[in-house]
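This is what each chain is made of:
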Amino acid sequence: MSDASLHIVTYHYVRDLPRTPFPRIKGMLLSDFEKQVDQLRGAYEMATLDSAVAFLNGTYQPSRNLCLLTFDDGLKEHFAEVTPLLHERGVQGIFHVITGCLEERRTAPVHMNHFLMAKLDFKKYKQSFFSEMEELTGEAAEMPVFDPEVVRNTYSLDTQPIAEFKYFFNFILESGLRDRVVTRMFETHLGDPASFSDGLYLNWSEAKQMQAAGMVIGGHTHEHRPLATLPEEQLEVDTKLCRDLLRKRLGEQPLWPFCYPYGRQNSFNPAAVRSVQREGFDCAFTTVTGLNQPGTDLYRIHRVDCNQAWISQA
Ligand SMILES: [Zn+2]
């Protein structure tokens with residue numbers, strides 16, 4: 001079949017949300033995940049990273065469309081729930097870990113923000129976030145005005161005020177100040193970020209067990225910052241550290257994938273792509289929506305969010 005395509009699904013939180021302490025976290029229910037995997041298995045040939053890359057290189061011609069499952073951020077449930085479910089079905093998952101979270105017990109600011117938003121009333125959270133900023137800098141702080149189109153494209157699944165805050169938080173606010181503000185708020189409302197990280201992320205030993213179960217581990221940077229916002233030197237330090245830790249802490253893999261944090265066009269640039277290539281990652285996933293065909297750039301692979309990956313029954 002010459003017109004086959006490769007459909008890649010992106011997952012983040014996969015959990016029984018109503019039964020967790022943070023039911024307002026945005027994610028997929030485990031039961032929906034199970035249904036979706038079975039639906040996808042019925043409709044596609046489930047790819048491995050090897051077969052997906054061979055397809056993109058034009059050396060493998062499948063008889064059906066391919067589907068590959070990817071999981072971002074190295075969350076605990078990817079080890080505890082997702083891996084057993086996939087292993088039982090003989091399906092390979094690709095799991096992108098933030099090496100700083102595993103190595104240094106850090107909770108990534110992007111996740112501190114998710115859990116604070118899930119715990120507090122959004123308006124109050126935003127207000128106290130700005131007051132904390134003012135207290136730390138001694139200057140008045142307010143939300144800049146953004147192009148609503150850019151904000152919507154970056155966070156298409158959120159309401160406008162939440163998308164705007166996330167955009168400000170992850171892309172605009174100086175990261176040193178941002179990290180101090182969010183850490184202070186996290187400590188006040190949710191406790192010690194290091195202990196929290198133990199429950200939020202999988203650890204190196206779990207990642208090795210996932211490799212032994214046929215899963216592939218990939219890099220998702222060391223600090224989970226939008227690579228396009230980093231000066232070239234920091235960009236290189238981050239991707240190198242990520243790559244070195246994967247090599248040092250894990251078993252061998254024929255291919256090492258990478259996944260850009262945030263992953264829209266405004267979060268990776270040519271310098272980021274070069275840095276990922278230089279470190280020897282074999283391919284890189286974006287969150288730019290779309291399918292992939294032979295010839296698709298291996299360092300700009302398209303994916304589809306799991307909420308948009310249901311197959312219509314019509
Ligand atoms: Zn991520």
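Scroll up to find the structure.
Right, let's walk through the structure included here. Treat the numbers as computed from the prediction; the structure is a model and nothing was measured.

Rules used throughout
- Residues numbered from 1 in each chain as written.
- Predicted model: local features only at pLDDT ≥ 70, side-chain atom pairs only at ≥ 80, totals over all residues.
- Buried ≥ 20, exposed ≤ 12 C-beta atoms within 10 Å, placed from the backbone.
- Helix = DSSP H or I, 4+ residues; strand = E, 2+ residues; numbered from the N terminus.
- Pairing = 2+ DSSP bridges.
- Right-handed = clockwise from strand over helix to strand, strands pointing away.
- Axes fitted to C-alpha atoms, helices over the stretch in contact; angles between N-to-C directions.
- Left-handed = near helix turned anticlockwise from the far one by under 90°.
- Contact = placed C-beta atoms within 7 Å.
- Nonpolar A, V, L, I, M, F, W, Y, C, P; charged D, E, K, R; others polar.

### Comments concerning the pairing of strand E3 (residues 66–72)
Phase 1 of the analysis: Across the seven residues that make up E3, a large majority, seven, are buried.
Phase 2 of the analysis: Because side chains alternate across E3, one face comprises the buried residues Leu-66, Leu-68, Thr-70 and Asp-72, and the other comprises Cys-67, Leu-69 and Phe-71, equally buried.
Phase 3 of the analysis: By the bridge criterion, two bridges tie strand E2 (residues 45–46) to E3 in an arrangement that is parallel. Bridge pairing links Glu-45 to Leu-66 in E3.
Phase 4 of the analysis: What joins E2 to E3 is helix H2 (residues 49–57), and the crossover it makes is right-handed.

### What to know about unusual backbone geometry
As a rule of thumb, non-glycine residues mostly have phi less than zero, and peptide bonds are mostly trans rather than cis.
Phase 1 of the analysis: A positive phi angle, close to 75°, is found at Thr-221, a residue other than glycine.
Phase 2 of the analysis: Within the secondary structure, Thr-221 is located in the loop between strand E5 (216–219) and helix H12 (232–249).
Phase 3 of the analysis: Under the C-beta neighbour-count criterion, Thr-221 is labelled buried, with 26 such atoms within 10 Å.
Phase 4 of the analysis: In the Ramachandran plot, Tyr-262 falls in the positive-phi region, its phi being about 65° despite a non-glycine side chain.
Phase 5 of the analysis: Its location among the elements puts Tyr-262 in the loop between strand E6 (257–259) and helix H13 (270–278).

### Some remarks on the packing of H12 against H13
Phase 1 of the analysis: Axis separation between H12 and H13 bottoms out at 10 Å; the angle between their running directions is 35°. At the point where H12 passes H13, the crossing takes the right-handed sense. Seen from H12, the contacting residues are Glu-232, Leu-235, Glu-236 and Thr-239; seen from H13, they are Ala-271, Ala-272, Ser-275 and Val-276.
Phase 2 of the analysis: Of the residues contributing to the contact of H12 with H13, the split by class is four nonpolar, two polar and two charged.

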